[in-house]
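# Structure assessment
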Amino acid sequence: MKQHLPLLASMEQISTILALHAIFPWEVPMQESEEGISAEERPEGARLLHDEAGNALLTARMVGDDIELDIQSTLIGQPPSSLSLMLQALGVNKTVYRLDAETLYDRVVSLYNAWVLLRNLKALPVEERVATAEKLIALSAEWHTLRMAQFELRLKSAQKTRIAVLEQLVNDPEWLGNALAQAVLNGEPRGSSMTLQLQGRDYPSELAVAQPLAAPVADGKPATRKVFGVQVGASMLPRATRIDPKIIAVLQSASVTGNEVRIVERLKPARYNKTADVLCELGGQWSTPKQPHVFDSCPRDALAQVVTTGELLRSKD
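None of the values given here were measured: they were computed from a predicted structure.

Here the focus is the pairing of strand β4 (residues 66–71). Burial along β4 is one-sided: Ile 67, Leu 69 and Ile 71 are buried, and none of Asp 66, Glu 68 and Asp 70, which face the opposite way, are. Relative to β4, strand β3 (residues 56–63) runs antiparallel, the two sharing 6 bridges. In the strand pairing of β4, Thr 59 is matched with Asp 70. Judged from the 5 bridges that link them, β4 and strand β5 (residues 96–100) form a sheet pairing that is antiparallel. Bridging from a neighbouring strand, Leu 69 pairs with Tyr 97 of β5.

Evaluated as defined, the whole model comprises 3 aromatic pairs. Plain terms: the ring middles of Phe 24 and Tyr 105 are 5.0 Å apart, the flat faces sit at 85° to each other, and that makes the pair edge-to-face. Of this pair, Phe 24 sits in the loop between α2 (15–21) and β1 (38–41) while Tyr 105 sits in helix α5 (residues 101–120), and the two are 81 residues apart along the sequence. Of note, Lys 135 hangs over the ring of Trp 175, and the distance from its end group to the ring centre comes to 4.6 Å.

Here helix α7 (residues 157–169) contains 13 residues, and its C-alpha end-to-end distance of 19 Å stays within 8% of the 18 Å for a straight helix at 1.5 Å per residue. Of all the residues in α7, the buried ones are Gln 159, Arg 162, Ile 163, Leu 166 and Leu 169. Buried residues of α7, viewed axially, fall in a sector of 125°; they line one side. Among the exposed residues of α7, those oriented more than 90 degrees off its buried face are Ser 157, Lys 160 and Gln 168. The inward-facing, buried residues of α7 contact α6 (126–151), α8 (173–176), β6 (180–185) and α11 (300–309).

This paragraph deals with the confidence of the model for the chain. When the pLDDT values of the chain are averaged, the result is 82; 85% of them are 70 or greater. Within the chain, β6 carries the highest mean pLDDT (94), whereas strand β11 (residues 225–227) carries the lowest (38). Across residues 212–238, where pLDDT falls below 50, the model places 72 contacts with residues more than four positions away in sequence or in other chains.

Next up on the list: the nonpolar core. Core analysis: the biggest nonpolar cluster contains 64 residues, and Ile 17, Leu 69, Leu 139, Trp 175 and Met 194 have the highest contact counts within it. Among the elements that make up this core, the one with the highest residue count is α5 (9 residues). Beyond its immediate chain neighbours, meaning those up to four positions away, Trp 175 contacts Lys 135, Leu 136, Leu 139, Leu 169, Val 170, Leu 180, Ala 183 and Met 194. Val 256, Val 278, Leu 279 and Leu 303 belong to the second-largest nonpolar core, a separate cluster that totals 16 residues.

With phi around 60°, Leu 153 is a residue other than glycine that occupies positive phi space. By the element assignment, Leu 153 lies in the loop between α6 and α7. The exposure class assigned to Leu 153 is exposed, which follows from its relative accessible area of 78%.

Now for the environment of Thr 309. Relative to the assigned elements, Thr 309 resides in helix α11. Judged by its relative accessible area of 21%, Thr 309 is partly exposed. In this structure, the C-alpha to C-alpha distance between Thr 309 and Arg 162, residues 147 residues apart in sequence, is 9.7 Å. Excluding residues that lie within four positions of it along the chain, Thr 309 makes contacts with Glu 142 and Arg 242.

Criteria and thresholds
Residues numbered from 1 in each chain as written. Predicted model: local features only at pLDDT ≥ 70, side-chain atom pairs only at ≥ 80, totals over all residues. Heavy atoms only, no water. Buried < 20%, exposed > 50% of the residue type's maximum accessible area, 1.4 Å probe, protein only. Helix = DSSP H or I, 4+ residues; strand = E, 2+ residues; numbered from the N terminus. Pairing = 2+ DSSP bridges. Phe/Tyr/Trp six-rings, centres within 6.5 Å; stacked < 30°, edge-to-face > 60°. Lys NZ or Arg CZ within 6 Å of the ring centre and 35° of its normal. Expected span 1.5 Å × (residues − 1). Arc of directions from axis to C-beta. Contact = heavy atoms within 4.5 Å. pLDDT = per-residue confidence, 0-100. Core = buried A, V, L, I, M, F, W, Y, C linked by side-chain atoms within 4.5 Å.

Pasting the structure below:
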């Protein structure tokens, strides 16, 4: 996610994402965009993207429940155009690419939602805009998980506590920062996850639920490609790593004092190392003199999120 948001923030127009919307048969074909890309429906039902000179860029056709993309090799090999960059962000890494249509559509929708959010935050400097969007998307995804558990009557006690924490968090002026006047967590799981009141606006903005998407796998390894010199995978929100319940139990019993976390249980080396790895992924650094993991700020919220969801976005994710 950190790698994709700066890319989206650099895009002035949403037309490329709308063009990708138009490759799906349930969407309306798009007339020529600001960048000269058009989508038309072929007699056999396929969708064709072409540039203003009429050169074919991409053909999409349904094969059962899958969508198959036939892409010009120039879009895969060279990344100067916004269309080629968006294809890379979606995980499309070969000239003939086939994937479940709804899965690919969810990825396009995630790009769309993230671009709209970044656009709403455009008054902020780029770095602050990306950081704000990142925290909102992460909170949106966590909140959706919690409200679905609540809606389906399977809420655990730790999740109830986490709900209270998040409801308090969105009312904290420091968390709202310079961009947000108000943030409201929506309880209905079938609608937007949050309603945002941006500074300087007299109308609210809805934050749609972000979709956690998995990177496509080729030859047993996640497909990646360099975008602006950064290695990226296939999704706006990488799939988190499940944490062993035994490690979760250790984290629950850990002692938190200020910015320091101490593992209080006596553990075998293997389990201790796995727990320490989680703390390091969360930003902790082992301090030999003090004997705890030391964080830059209070780690209670980060620990609570891991304990509640049982998942962690590691650096490799």
